Amino acid sequence: MELLDKIFASTSHYAWEGLLFLLIGGGLYLIVKIRFLPFRYLGHAIAVLRGRYDNESDAGEISHFQALTTALSATVGMGNIAGVAVAIAIGGPGAVFWMWVSAVIGMSTKFFTATLAVLFRGKDSHGEIQGGPMYFIVEGLGKKWKPLAVFFSIAGLVGALPVFNVNQLTQAINDILLKPVGLYAGFNSNILVGVVLAMLTAVVILGGLSRISKTASRMVPAMVILYFVLVLFILGVHIDVVPEYLALIFTDAFSASFYEGDTFLGGIVGALIVLGIRRGAFSNEAGIGTAPMAHGAAKTNEPIREGLVAMLGPAIDTLIICTLTALAILVTGVWQSTEANGVSLTANAFMEAIPVYGKYALLLCIAVFSISSLFSYSYYGTKCMSFLFGAKYKNLYNYLYIASILMGATTSLSLMINLIDTFFALMAIPTMTATILLAPRVVKEARIYFAKLKRS
């Protein structure tokens, strides 16, 4: 396990250094290419999300709202609670600034990738309409680009595994629930948590996308609101230092020091930028290629509408929820007073500000965020399996997926985060390459749609 950890740590490090140019440079290119046009229509995006333009006769499986909540149920999870904590523990407050940069650029990337997912839908071996990077690569760029689509799908089989979320949920249950009352039994506790999560996940994911999207559309909004209220309470308790730490996020973004002296990251500003972008991408998945698979299933004949809805994802996920988590960790001072990392660091912040009930409320949010993520990622993996081996084999992936939950519950945080970081990087290469090449088509569609919107 230690050897695997070192291999994935080294691979993800070098992969993400190269991807910095592709994700941020490519994202900036997309913003300039479309001249910030979608950002002017965020109000229209909300109207679409609320169902104003829904049409049951349109192609697709789920509504705009269900598509966004399905995508958010995957992104609003441990990336927001544990991923932010990891970033601050290693890179300090400045890492949050680069997560913000990633989110703003990611909004444009999400617009393009989700639009392409609807614009260039393909058909699986059963003749059913499908969307996602593997399909817009083949349908948009042509059959000669299929190896790139295959590469994405192979990486997606591993990248969609829920091991990080399970690992951190297990850690949260142990630290918040079992250890304080003396019920923690090491590996036995971990495997028991894994078995319960596997059984719960199996009930939902074996029911297909319809059950996944309906479950996510009920669970995610309520937990986002609860988490929002809890963190606002923490910020209210420490309101006197909130401005100070907001300012520190900006000033520390250009600091050359790493708070844990991480020599592997190089101890330079560039490494801090890479760290922030990695954790931002891990949180909102812009440019990775998972969310377009959910948005590609939206019931719409207007690709631009789904692109606008998808833009809201990074804003909700990183600009709002990740910022709340970061401020809770910073204003309570736990980032400097404890050696904890990941979800345990966030839990310490909640316990400091809300001594008796805070950790249990956080555990509830963590449980819902993580479990909803388990449901959505399985859908992404089955899409990749279907593309590679045919639709009749896609459900076989669910059994591999359920088995991986046990692995996530019983292995180290370091190995799990390095594993997923590596395969997220591999997924981003074909997704961003195809998106940049197909960008002119999206720009053309956008100009037609917005001109039509002005006339209506």
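Residues numbered from 1 in each chain as written. Predicted model: local features only at pLDDT ≥ 70, side-chain atom pairs only at ≥ 80, totals over all residues. Heavy atoms only, no water.

### Looking at the overall build of the protein
The helix and strand tally for the protein stands at 19 helices and 2 strands. Relative to its full complement of 456 residues, the protein shows a buried share of 62%. Residue pairs in contact within the protein that sit at least 24 positions apart in sequence constitute 83% of those at least 6 positions apart. (Helix = DSSP H or I, 4+ residues; strand = E, 2+ residues; numbered from the N terminus. Buried < 20%, exposed > 50% of the residue type's maximum accessible area, 1.4 Å probe, protein only. Contact = heavy atoms within 4.5 Å.)

### Brief notes about the pattern of salt bridges
Inspection of every chain in the model, using the stated rule, returns 2 salt bridges. The shortest N-O distance in the salt bridge between Glu 302 and Lys 452 comes to 3.0 Å. Taken together, the residues Glu 302 in the loop between α13 (291-295) and α14 (303-331) and Lys 452 in helix α19 (residues 413-455) connect sequence positions 150 residues apart. (Salt bridge = Lys/Arg side-chain N within 4 Å of Asp/Glu carboxyl O.)

### Points about the packing of α14 against helix α16 (residues 343-353)
Following both chains from N to C, one finds α14 and α16 inclined at 65°, their axes separated by 9 Å at the closest point. By the criterion of interaxial angle, the relationship of α14 to α16 is roughly perpendicular. With respect to the hand of their crossing, α14 and α16 are arranged in left-handed fashion. Here Thr 325, Ala 328 and Ile 329 of α14 lie close against α16, whose contacting residues are Leu 345, Thr 346 and Ala 349. Considered class by class, the residues forming the contact of α14 with α16 number 4 nonpolar, 2 polar and no charged. (Axes fitted to C-alpha atoms, helices over the stretch in contact; angles between N-to-C directions. Parallel < 35°, antiparallel > 145°, perpendicular 65-115°, else oblique. Left-handed = near helix turned anticlockwise from the far one by under 90°. Nonpolar A, V, L, I, M, F, W, Y, C, P; charged D, E, K, R; others polar.)

### Looking at a nonpolar patch on the surface
On the surface, Val 104, Ile 225, Phe 228, Val 229, Leu 232, Leu 319 and Ile 320 cluster together to form a nonpolar patch covering roughly 560 Å² of accessible area. Secondary-structure elements contributing two or more residues to the nonpolar patch are α10 (209-237) and α14. Broken down by element, the residue count for the nonpolar patch peaks at 4 residues, all from α10. Within the fold, Phe 228 resides in helix α10. A relative accessible area of 35% places Phe 228 in the partly exposed class. (Patch = residues over 30% accessible without salt bridge, like charges linked within 9 Å, V, L, I, M, F, W, Y side chains within 5 Å. Areas by Shrake-Rupley, 256 points an atom, 1.4 Å probe, with all protein chains shown as cover.)

### So, the environment of Lys 6
Structurally, Lys 6 can be placed in helix α1 (residues 2-34). The exposure class of Lys 6 is exposed, given its relative accessible area of 61%. When the C-alpha atoms of Lys 6 and Ser 414 are compared, they prove to be 9.3 Å apart, with 408 residues separating the residues in sequence.

### Focus: α16
Along α16, 8 of the 11 residues are buried, which leaves the element largely enclosed by surrounding structure. Val 343, Ser 344, Leu 345, Thr 346, Ala 347, Ala 349, Phe 350 and Ala 353 are the residues of α16 that are buried.

### Some points on the confidence of the model for the protein
Looking at the protein as a whole, its pLDDT mean stands at 84, while 88% of the residues score no less than 70. Low pLDDT, under 50, characterises residues 257-267; the stretch is placed with 25 contacts to residues that sit more than four places away or in other chains. (pLDDT = per-residue confidence, 0-100.)

### Some thoughts on the packing of aromatic side chains
According to the stated counting rule, one finds 14 aromatic pairs in the structure shown. Taken together, a centroid distance of 6.3 Å and an interplanar angle of 55° make the contact between Phe 8 and Phe 423 tilted. Residue Phe 8 is located in helix α1, and its partner Phe 423 is located in helix α19; the two are separated by 415 residues in the primary sequence. Across the pair, Phe 423 and Phe 8 agree in class, each one buried. Ring centres of Tyr 135 and Phe 387 lie 5.3 Å apart, and the angle between their planes is 85°; this geometry places the pair in the edge-to-face category. Remark: Phe 387 occurs in helix α17 (residues 358-389) and Tyr 135 occurs in helix α6 (residues 133-141); sequence separation between them is 252 residues. Both residues of the pair, Tyr 135 and Phe 387, belong to the buried class. Three or more aromatic residues link up through ring pairs in this structure, and these residues are Phe 97, Trp 98, Trp 100 and Phe 250. (Phe/Tyr/Trp six-rings, centres within 6.5 Å; stacked < 30°, edge-to-face > 60°.)

### A look at the packing of helix α7 (residues 146-159) against α19
How two helices sit against one another is set out by the angle between their axes and by the gap between those axes. Direction vectors running N to C along α7 and α19 enclose 155°, while the axes themselves pass 9 Å from each other. Taken together, the axes of α7 and α19 lie roughly antiparallel to each other. Like other packed secondary-structure pairs, α7 and α19 cross with a definite hand, here left-handed. Between α7 and α19, the contacting residues are Leu 148, Phe 151, Phe 152, Ala 155, Gly 156, Val 158 and Gly 159 on the first element and Leu 419, Ile 420, Phe 423, Phe 424, Leu 426, Met 427, Pro 430, Thr 431 and Thr 433 on the second.

### What to know about unusual backbone geometry
Of note, Arg 35 is a non-glycine position whose phi angle comes to about 55°, a positive value. Here Arg 35 lies in the loop between α1 and α2 (42-49). Backbone geometry places Phe 36, a non-glycine residue, at a positive phi of 60°. Position of Phe 36 relative to the elements: it lies in the loop between α1 and α2. Using a relative accessible area of 47% as the deciding quantity, one classes Phe 36 as partly exposed.

### Some thoughts on the nonpolar core
Phe 111, Tyr 227 and Leu 308 are the most contacted members of the largest nonpolar core, which has 147 residues in total. Looking at this core element by element, the count peaks at 20 residues for α19. Among all residues touching Leu 308, those that are not within four sequence positions of it are Pro 38, Tyr 41, His 44, Ala 45, Phe 111, Tyr 449 and Phe 450. (Core = buried A, V, L, I, M, F, W, Y, C linked by side-chain atoms within 4.5 Å.)

### Re the environment of Ile 225
Considering the arrangement of structural elements, one finds Ile 225 in helix α10. You can call Ile 225 exposed: its relative accessible area is 55%.

### Examining the side chain of Thr 113
Within the secondary structure, Thr 113 sits in helix α5 (residues 94-119). Excluding anything up to four places from it in sequence, Thr 113 contacts Phe 136, Pro 292, Thr 431 and Thr 435.

### Observations concerning the environment of Thr 69
Looking at the element boundaries, Thr 69 is found in helix α3 (residues 64-75). The exposure class assigned to Thr 69 is buried, which follows from its relative accessible area of 4%. When the C-alpha atoms of Thr 69 and Ser 372 are compared, they prove to be 9.8 Å apart, with 303 residues separating the residues in sequence.

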